[in-house]
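The residues making up each chain are set out below.
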Amino acid sequence: MTGDELTGWHEDLAAPGPGPHDVDLDRVWLGVAAQVWRRSPGPVERAAARLLRSPGLARALMTTPSLLLGWVIATTIVLLAGMGIALGTGTPWVGLLAPAVAAAGIAYAYGPGIDPAWELSRSMAVSDRMVLLVRALAVFGLNAALGLAASAASGAAAAVTFGWLVPMTAVCALALATATVTQSPNIGVAAGSTGWLIALLTGKAVDGQFTAAITSAAFVIPYLALAACCGAVVMVATRIPRGTR
Amino acid sequence: MNVELTELHRKFGHVRAVAGVSLQAGPGVFGLLGPNGAGKTSLLRMMATVLPPTSGKLYLLDRDPGSYGPRREIRRRLGYLPQNLGYYPGFTVADFVEYFALLKDMPPRQVPRAVAAAIEHLGMGDKARAKLRTLSGGMLRRAGIAQAIVNEPELLLLDEPTAGLDPEQRVSFRALLRDFGQRSTVIVSTHLVEDVAAACTEVMLMDAGRIVFHGTPAELIARGEGHSVGDAPLERGYSAVLAAARS
């Protein structure tokens, strides 16, 4: 570098204009902070985001209380216990327990008192109805999968293994509708459990055994009707209020 | 106008929380004052689209929140800090702000930078990775404000935002309000008249579900001349207007 070039270099540094002196350190720091503080979604959340086409909905799904590890472990333990008793006694306890366990999970999927930031969530662009439905479906799917695995492992007949899926749908819908309307998960659990108990007792009264609530074809239509009615109640309870203008 | 309310009513059973509020608001910082139970929180919740009005007309950001599409668009451009901010104890501050940025439907690529900007704006950079359960009440309030501003909202609704903030934090928060008020409509419900005096361009005073005064802080001060109740001029104006409304 010649002396003239050096002089020019110094003049360039002193002159205003683009160059190292114009670096906006705040802007640089924000870029760094954005990378450092960025959360890496897990594989399940990434898959859910792709499936649902909404990273927000996927994130809301991952915060479902009844999909957290502790809850899933508790569900598994209950179903394993049911499986063990079924293997010992021959009574299909998994099928009798699974609807009530799933109903509790559904009632605790979304709502005030469960979601700490529920009011804030209700002011968000991702609608709370979508959050509720996605969470409810996910909880139902997981409980159905765990229940089917436990039921199959307990050596139950195919009619029993799959028979409780329809009553589980009805009981879950009842718990969801009650929890949504009353905005209380506990009341939802109570309604779901009571509904299932009534179904079991009715099965006992009609057929002489509790398992009739699972195996009897006569119950299928009432279960489906109840599920449809409760589904309609949920849709009405979470509708967007009209007439504001 | 970002906010247009016409004869807005909200009842809870037989209790009338908001009784015929009409308001038009463009950019600026609007202070919402009033005693407990005056209807401030119910009014803010209706503007946040959390609570539907019993009757009346509500139009936000030139849209009707009664329909799904416009409502979603309003919510994308809305920032809301509720009075009781719930939080997920296991979330970090950055997780919390990011969660609501995603729920506001922000483009995912913009989210990390917007989260960092909101956290830095509130001076919480050193707490960004701290779990919410470890934070003080004032810090949680700031995290709540950070989630409210993360999407650079055109309508910012803040319910008691300065509760729990220390004096230094309140001063910097007022600067943030003034900054947002230049381009957005900011409505702040507060009990602290100093916040109103320092940051608000207009003041609304609510009592028994109605707006009983709407004007500038100077006009509210003028109403208090000759009134003896209250330590500060704005407090005297506040109590004078309330006394007149109730007489």
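Structure: see above.
Residues numbered from 1 in each chain as written. Chains lettered and ligands numbered in written order. Predicted model: local features only at pLDDT ≥ 70, side-chain atom pairs only at ≥ 80, totals over all residues. Heavy atoms only, no water.

So what exactly am I meant to see when it comes to the overall build of chain B here?
When its secondary structure is counted, chain B shows nine helices and nine strands. Across its three principal directions, the C-alpha atoms of chain B cover 55 × 40 × 35 Å. Split into buried and exposed, the 247 residues of chain B put 58% on the buried side. Restricting to contacts in chain B with at least 6 residues of sequence separation, those with at least 24 account for 66%. Total accessible area on chain B is roughly 9,800 Å²; 50% of this is exposed by carbon and sulfur atoms. Counting 29 positive and 25 negative side-chain charges, chain B places the averaged centre of each group 6 Å from the other. (Helix = DSSP H or I, 4+ residues; strand = E, 2+ residues; numbered from the N terminus. Buried < 20%, exposed > 50% of the residue type's maximum accessible area, 1.4 Å probe, protein only. Contact = heavy atoms within 4.5 Å. Areas by Shrake-Rupley, 256 points an atom, 1.4 Å probe, with all protein chains shown as cover. Lys, Arg positive; Asp, Glu negative; His and termini not counted. Charge placed at Lys NZ, Arg CZ, Asp CG, Glu CD.)

Could you clarify how one ought to interpret the interface of chain B and chain A in this entry?
Note on interface size: it is often stated as the accessible area lost on association of the parts. At the interface, 48 residues of chain B touch 34 residues of chain A. The contact between chain B and chain A buries some 3,800 Å² in all, and 63% of this surface belongs to carbon and sulfur atoms. Among the residues chain B hides against chain A, the three largest losses belong to R75, L103 and R113 of chain B. Together they make up 17% of the total. Across the chain B-chain A interface, the total number found is three salt bridges. Here R59 of chain A makes a salt bridge to E98 of chain B, at a shortest N to O gap of 3.9 Å. In this structure, the connection of chain B to chain A is made through twelve residue pairs in polar contact (both at pLDDT 80 or more). Elements that contribute at least two residues to the side of chain B that touches chain A include exactly β4 (55-60), α2 (68-76), β5 (78-81), α3 (93-103) and α4 (111-121) of chain B. Split by residue class, the side of chain B that touches chain A holds 27 nonpolar, seven polar and 14 charged. (Buried area = accessible area lost by both parts, 1.4 Å probe. Salt bridge = Lys/Arg side-chain N within 4 Å of Asp/Glu carboxyl O. Polar contact = N/O pair within 3.5 Å; in protein donor to acceptor, adjacent residues only side chain to side chain. Nonpolar A, V, L, I, M, F, W, Y, C, P; charged D, E, K, R; others polar.)

Which parts of the structure should I look at to understand the environment of L87 of chain A?
All names here are of chain A. Following the sequence through the fold, L87 ends up in helix α5 (residues 69-89). On the basis of relative accessibility, which here comes to 54%, the residue L87 falls in the exposed class. Residues L87 and Y110, spaced 23 residues apart in sequence, show a C-alpha to C-alpha distance of 35 Å. Ignoring sequence-local partners within four residues, the contact set of L87 consists of A153 and S154.

Quick question: what am I supposed to make of the sheet that holds strand β1 (residues 3-12) of chain B here?
To summarise the sheet geometry, strands pair through backbone hydrogen bonds and adopt either a parallel or an antiparallel arrangement. Residue and element names in this part refer to chain B. Pairing is antiparallel in the open sheet, where three strands are placed in the order β2-β1-β4. Of all strands in the sheet, those with a lone pairing partner are β2 (15-25) and β4, marking the two edges. Within the sheet, the average angular offset between the axes of one strand and its neighbour, ignoring direction, is 25°. Taken together, the five bridges between β1 and β4 define a ladder with antiparallel strand orientation. Bridge pairing links T6 to K57 in β4. Against the sheet, helix α1 (residues 40-47) contacts β1, β2 and β4, and its axis sits at roughly 120° relative to β1. (Pairing = 2+ DSSP bridges. Axes fitted to C-alpha atoms, helices over the stretch in contact; angles between N-to-C directions.)

For this particular structure, what's the right way to read unusual backbone geometry?
Keep in mind that most residues, glycine aside, have a negative phi and that most peptide bonds are trans. Residue and element names in this part refer to chain B. In the Ramachandran plot, E7 falls in the positive-phi region, its phi being about 45° despite a non-glycine side chain. Position of E7 relative to the elements: it lies in strand β1. Residue E7 is classed as partly exposed on the basis of its relative accessible area, which comes to 43%. In this structure, E160 is a non-glycine residue whose phi angle is positive, near 50°. Take E160: it is sitting in the loop between β6 (155-159) and α6 (167-181).

Looking at this structure, how should I read the pairing of β1 of chain B?
For a regular strand, side chains alternate in direction, first toward one face of the sheet and then toward the other. Residues and elements named next belong to chain B. Where β1 lies against β2, eight bridges are found, and the strand directions are antiparallel. The residue of β2 that forms the bridge with V3 is A25. Where β1 hands over to β2, the hairpin turn is made up of two residues, of which G13 adopts a positive phi near 65°.

Please clarify how a nonpolar patch on the surface should be interpreted in this entry.
On the surface, V23, L25, V28, W29, V32 and V36 of chain A cluster together to form a nonpolar patch covering roughly 550 Å² of accessible area. Counting through the fold element by element, V23 of chain A comes out in the loop between α1 (3-14) and α2 (25-37). (Patch = residues over 30% accessible without salt bridge, like charges linked within 9 Å, V, L, I, M, F, W, Y side chains within 5 Å.)

Help me out: how do you make sense of α6 of chain B in this one?
For an α-helix the count is 3.6 residues per turn, leaving residues at separations of three or four pointing the same way. Residues and elements named next belong to chain B. Between the first and last C-alpha of α6 there are 21 Å, a value that for 15 residues agrees with the 21 Å anticipated at 1.5 Å per step. The complete set of buried residues in α6 reads Q169, R170, F173, R174, L176, L177, F180 and G181. Viewed end-on, α6 has its buried residues packed into an arc of 160°, placing them on one side of the element. For α6, the elements touching its buried residues are β3 (28-33), α4, α5 (137-149), β6, β7 (185-189) and α7 (193-199). (Expected span 1.5 Å × (residues − 1). Arc of directions from axis to C-beta.)

I keep staring at the packing of α3 of chain B against α4 of chain B and nothing clicks. Help me out?
A packed helix pair is summarised by two numbers, namely the angle formed by the two axes and the spacing between the axes. All names here are of chain B. Between α3 and α4, the least distance of the axes is 9 Å, while the angle of their chain directions is 125°. Judged on the interaxial angle alone, α4 and α3 are oblique. Helix-helix and strand crossings are classified by hand; for α3 and α4 the assignment is right-handed. Residue-level inspection shows V93, A94, V97, E98, A101 and L102 of α3 in contact with α4, the latter providing V111, V115, A118 and I119. (Parallel < 35°, antiparallel > 145°, perpendicular 65-115°, else oblique. Left-handed = near helix turned anticlockwise from the far one by under 90°.)

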